[in-house]
Amino acid sequence: MDKVEQVIFRSGFVNIIGRPNAGKSTLMNALVGERMSIITHKPQTTRHRIIGILTGSDFQMVFSDTPGYVKTPSYRMHNAMNRFVEGTVEDADVMLFVFDLTEELEDDNPVIEVLKKATSPMLLILNKMDLVNPQRLDDVGNWWRKRISFSEAIAVSAQKGTGISEVLPAILRYLPEGAPFYPADQLTDRPERFFVSEIIREKIFILYSDEIPYSCEVQIESYHETQTNDGTPIARIHASIFVMRETQKAIILGKNGVSIKKLGTQARMDIERFVQTKVFLELTVKVKDNWRDDDKALNRMGYL
Ligand SMILES: Nc1nc2c(ncn2[C@@H]2O[C@H](COP(=O)(O)OP(=O)(O)OP(=O)(O)O)[C@@H](O)[C@H]2O)c(=O)[nH]1
Ligand SMILES: [Mg+2]
């Protein structure tokens, strides 16, 4: 009788944590091969847990990108962001801890306490290797290994793609046997409108400075897929941008509305690429006093 070779399928949750700006979202996008998570040069870009699913012939990895762990939470939204991170330590099959090689090595780094609670295998991902010399790479790796017991350490440049091909096989070594959690063609668990609101938020981070990006939240009010008169598919999207004060609203709008027009154009072009149809985007700016500390608002916005 012929021998049938049995393929072992591995499947599990791979959670990515680290400090703000370490490159977690860049790494997840590089691993999944899709632009799932928004990336900007400013810390605290990611505010929610975002899932990216990678399915191969004998594995499924369900990645979670998380907000950067905030050292001293200054408002309730920060507490909610830190809770996402603490939660991911509990339900991971494999943890990826991303450290920015240019960041200072500090014993009071709050992530150390979080990592100590992890019970799953943990990989140390030393990111931004394009910015440091080999000596620094060694020093940082040794510093971390003295504090936390990692299964493996890998140096990468998530942005340039260097070392990324070593990360997937390393994860696979620790992924448990099991059936897939999601259909093979599913990339995420979030609806399209979530990504649309994230694209708008990304543009706000890029176009406005100081406290403005941190004071904004975006909500999709309506999303209709229709057709123009000549039958071209079009998505009509109405989004609200919440700010905390009238002065911030004036900044978002800009003189004669020039700033919001620029924001609308840049966001629309990216949304069109993402949904692959024409888009009509309407933006409204609303003042919502201190929404970052308002439980009801945070709840409605999906933080609690
Ligand atoms: N030079 C260099 N820059 C990188 C690398 N990876 C990420 N970056 C940059 O670092 C910045 C932060 O990247 P993100 O992926 O948004 O970082 P994050 O950890 O998700 O940040 P938060 O969501 O704010 O916690 C961006 O400007 C990236 O382009 C890298 O390997 N090399
Ligand atoms: Mg991020």
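Note that the structure is predicted; figures quoted are calculated from it, not measured. (Residues numbered from 1 in each chain as written. Chains lettered and ligands numbered in written order. Predicted model: local features only at pLDDT ≥ 70, side-chain atom pairs only at ≥ 80, totals over all residues.)

Novice: Can you tell me about the site of ligand 1, naming the residues and giving the values?
Specialist: Around ligand 1, the structure places 24 residues, and the nearest of them are G23, S25, T46, G68 and Q159. Residue contributions to the shell around ligand 1 peak at three residues, all from helix α1 (residues 24–32). Split by residue class, the shell around ligand 1 holds seven nonpolar, 14 polar and three charged. (Near = placed C-beta within 6 Å. Helix = DSSP H or I, 4+ residues; strand = E, 2+ residues; numbered from the N terminus. Nonpolar A, V, L, I, M, F, W, Y, C, P; charged D, E, K, R; others polar.)

Novice: Account for the sheet that holds strand β8 (residues 233–243), with residues named and values stated.
Specialist: Here we have three strands laid out as an open sheet, ordered β7-β8-β9, and mixed in their pairing. The open sheet is flanked by β7 (217–227) and β9 (278–287), the only strands paired with a single partner. Put simply, the sheet's adjacent strands are angled 15° from each other on average, direction ignored. Of the pairings in the sheet, the one linking β8 to β9 comprises 10 bridges and is parallel in character. Note that in β9 the partner of V243 across the bridge is V287. Packed on one face of the sheet, helix α8 (residues 246–253) meets β8 and β9 and runs near 155° to β9. Lying over the sheet, helix α9 (residues 258–275) contacts β8 and β9, oriented at roughly 135° with respect to β9. (Pairing = 2+ DSSP bridges. Axes fitted to C-alpha atoms, helices over the stretch in contact; angles between N-to-C directions. Contact = placed C-beta atoms within 7 Å.)

Novice: Could you give an account of the sheet that holds strand β3 (residues 59–65), naming the residues involved and the relevant values?
Specialist: In spatial order, the strands read β2-β3-β1-β4-β5-β6; together these six strands make up an open sheet with mixed pairing. Pairing within the sheet leaves two strands with one partner each, and these edge strands are β2 (50–55) and β6 (152–155). The average angle at which neighbouring strand axes cross in this sheet is 20°, direction not considered. Bridge analysis of β2 against β3 gives six bridges, and the strand direction is antiparallel. The residue bridging I51 from the neighbouring strand is S64, located in β3. Sitting on the sheet, helix α4 (residues 134–147) touches β4 (94–100), β5 (122–127) and β6, and the angle it makes with β5 is about 150°. Sheet strands in contact with helix α5 (residues 164–174) are β1 (10–18), β3, β4, β5 and β6, and its direction is about 165° off that of β6.

Novice: Break down α9 for me, citing the residues and quoting the values.
Specialist: Given a rise of 1.5 Å per residue, 18 residues ought to cover 26 Å, and the 26 Å separating the end C-alpha atoms of α9 matches this to within 8%. L263, A267, R268 and I271 are the residues of α9 that are buried. The arc that holds the buried residues of α9, viewed along the axis, is 130°, so those residues lie on one side. Across α9 from its buried face, at more than 90 degrees, point the exposed residues V258, T265 and R273. Of the residues trailing α9, Q276 is marked for its positive phi of about 60°. (Expected span 1.5 Å × (residues − 1). Buried ≥ 20, exposed ≤ 12 C-beta atoms within 10 Å, placed from the backbone. Arc of directions from axis to C-beta.)

Novice: Outline the pairing of β8, listing residues and values.
Specialist: For β7 and β8, the ladder comprises 10 bridges, and the chain directions are antiparallel. Looking across to β8, one finds that Q219 is bridged to S240. Between β7 and β8, which pair antiparallel one after the other, the connecting turn spans five residues, and G231 there sits at a positive phi close to 90°.

Novice: Please set out the environment of H224 residue by residue, giving values where relevant.
Specialist: Turning to its location among the elements, H224 is positioned in strand β7. Considering only alpha carbons, one finds H224 and S37, 187 residues apart in sequence, at a separation of 23 Å.

Novice: Can you lay out the domain arrangement of the protein for me, pointing to particular residues and giving the numbers?
Specialist: Taken domain by domain, the protein comprises domain 1 (10–174) and domain 2 (192–300). With centres defined by C-alpha atoms, the gap from domain 1 to domain 2 works out at 28 Å. Counting from both sides, the interface comprises nine residues of domain 1 and, opposite them, 12 residues of domain 2. Its residues assigned to classes, the side of domain 1 that touches domain 2 comprises four nonpolar, three polar and two charged. (Domains from an automatic or database assignment.)

Novice: Residues and numbers for the nonpolar core, please.
Specialist: Counting residues in hydrophobic clusters, the biggest one holds 71 residues, and the most contacted among them are V14, F97 and I125. Shared between two domains, this core takes at least three residues from each, and those domains are domain 1 (10–174) and domain 2 (192–300). Ignoring sequence-local partners within four residues, the contact set of F97 consists of I17, G18, L115, M122, L124 and I125. (Core = buried A, V, L, I, M, F, W, Y, C linked by C-beta atoms within 7 Å.)

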